[in-house]
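In case you want the letters, here they are:
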Amino acid sequence: SFRDDAKLAASKQEEDAWIKQQQQQPSSNGTPDGNTEAADGGWHFICECFFMTAKALHLGIIKMIDDVTDGRMYWDQIRYAEAIQQAEQAAASYVGTPAEPLVQRQLDDLKAQFDKLVALKVCYDTVLGNPDFAANCLAFYRLMAAWLLQLVSPGGNTLLPLPEQVCVCVGGTA
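Residues numbered from 1 in each chain as written. Predicted model: local features only at pLDDT ≥ 70, side-chain atom pairs only at ≥ 80, totals over all residues. Heavy atoms only, no water.

Q: Looking at this model, I keep getting lost on the pattern of salt bridges. Mind explaining?
A: Side-chain pairing between opposite charges can occur once the charged atoms of the two side chains come close. Counted under the stated rule, the structure contains 5 salt bridges. Where arginine 79 meets aspartate 76, a salt bridge forms, and the shortest distance between an N and an O atom there is 2.7 Å. With arginine 79 and aspartate 76 both in helix H3 (residues 72–93) and 3 residues apart, this pair spans about one turn of that helix. (Salt bridge = Lys/Arg side-chain N within 4 Å of Asp/Glu carboxyl O. Helix = DSSP H or I, 4+ residues; strand = E, 2+ residues; numbered from the N terminus.)

Q: It is not clear to me how the packing of helix H2 (residues 45–70) against helix H5 (residues 131–152) should be interpreted in this structure. Could you clarify?
A: Each pair of packed helices can be summarised by the angle the axes make with each other and by the distance between the axes. Following both chains from N to C, one finds H2 and H5 inclined at 130 degrees, their axes separated by 11 Å at the closest point. Between H2 and H5, the crossing angle belongs to the class labelled oblique. Note on packing geometry: the crossing formed by H2 with H5 is left-handed. Residues Phe50, Phe51, Thr53, Ala54, Leu57, His58, Ile61 and Ile62 of H2 form the contact with H5, whose participating residues are Phe133, Cys137, Phe140, Tyr141, Leu143, Met144 and Trp147. Tallied by class, residues from the contact of H2 with H5 come to 13 nonpolar, 2 polar and no charged. (Axes fitted to C-alpha atoms, helices over the stretch in contact; angles between N-to-C directions. Parallel < 35°, antiparallel > 145°, perpendicular 65-115°, else oblique. Left-handed = near helix turned anticlockwise from the far one by under 90°. Contact = heavy atoms within 4.5 Å. Nonpolar A, V, L, I, M, F, W, Y, C, P; charged D, E, K, R; others polar.)

Q: Would you mind showing me how to read the side chain of glutamine 77 here?
A: Tracing the backbone through its elements, the reader meets glutamine 77 in helix H3. If near-sequence neighbours (up to four positions away) are discounted, glutamine 77 is found in contact with Phe114, Leu117, Val118 and Lys121.

Q: Would you take a moment to explain the nonpolar core for this structure?
A: Within soluble globular proteins, side chains that are nonpolar generally end up buried alongside one another. Among the nonpolar cores identified, the biggest contains 12 residues, and these are Phe50, Ala54, Leu57, Ile61, Met64, Val68, Met73, Leu117, Tyr124, Cys137, Phe140 and Met144. Elements supplying a minimum of two residues to this core: H2, helix H4 (100–128) and H5. Considering each element in turn, this core owes the most residues, 6 residues, to H2. Formed by 5 residues, the second largest nonpolar core is a distinct cluster that contains Ile84, Ala91, Val103 and Leu107. (Core = buried A, V, L, I, M, F, W, Y, C linked by side-chain atoms within 4.5 Å. Buried < 20%, exposed > 50% of the residue type's maximum accessible area, 1.4 Å probe, protein only.)

Q: Can you help me understand the packing of H2 against H3 in this one?
A: With their axes 4 Å apart at the nearest point, H2 and H3 run at an angle of 25 degrees to one another. As the angle between them shows, H2 and H3 are arranged roughly parallel. Relative to H3, H2 is oriented so that their crossing is right-handed. Contacts from Asp67, Val68, Thr69 and Asp70 in H2 reach Arg72, Met73, Tyr74 and Trp75 in H3. Within the contact of H2 with H3, the residues separate by chemical class into 4 nonpolar, 1 polar and 3 charged.

Q: What am I meant to see in the packing of aromatic side chains here?
A: For any pair of aromatic rings, geometry is given as the distance between the ring centres together with the angle between the planes. Following the criterion strictly, the structure yields 6 aromatic pairs and no others. Between the aromatic rings of phenylalanine 50 and tryptophan 147, the centroid separation amounts to 5.3 Å while the plane-to-plane angle is 70 degrees, which identifies the pairing as edge-to-face. Of this pair, phenylalanine 50 sits in helix H2 while tryptophan 147 sits in helix H5, and the two are 97 residues apart along the sequence. Using a relative accessible area of 16% as the deciding quantity, one classes phenylalanine 50 as buried. A relative accessible area of 34% means that tryptophan 147 is categorised as partly exposed. Here the aromatic rings of phenylalanine 140 and tyrosine 141 are separated by 6.2 Å at their centres, their planes lie at 65 degrees, and the arrangement is edge-to-face. (Phe/Tyr/Trp six-rings, centres within 6.5 Å; stacked < 30°, edge-to-face > 60°.)

That is the geometry; function is a separate question.
Right, here's the structure in full:
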């Protein structure tokens, strides 16, 4: 369900009243009788694909960008680097003692975990750096923006202060 994805500044009663009002108004969207649900009680296949894509982009790509730039992966990488530095300093003080193999094994485990994290970050960077992937994501968001503008202003008279011409640069070309 996508109901919880967008929160309105309205009470439950106001939301229910608005939904009831929208259901009573004739609509050009959806089925010929104005119903936006398919005849079998579910949404049309195209609607399901559209909203599943929006949800997937929100859960996948946006989360991936957040993890890499300022999320869990970013901070874990910093913590592991600091822990490895401290473990290397501690290991130097255990040289020639019976605890040296244990400390060295702990240091090796930290380095292995750090290497896995770095490999995962490289995979994320590879996906996010792919120009075709970025172009497809941006094309979907452009479609969504056009649909939302058409939904807000069906006659094409947009109320938003949009520039006359918008230049979209993908991969360094205009």
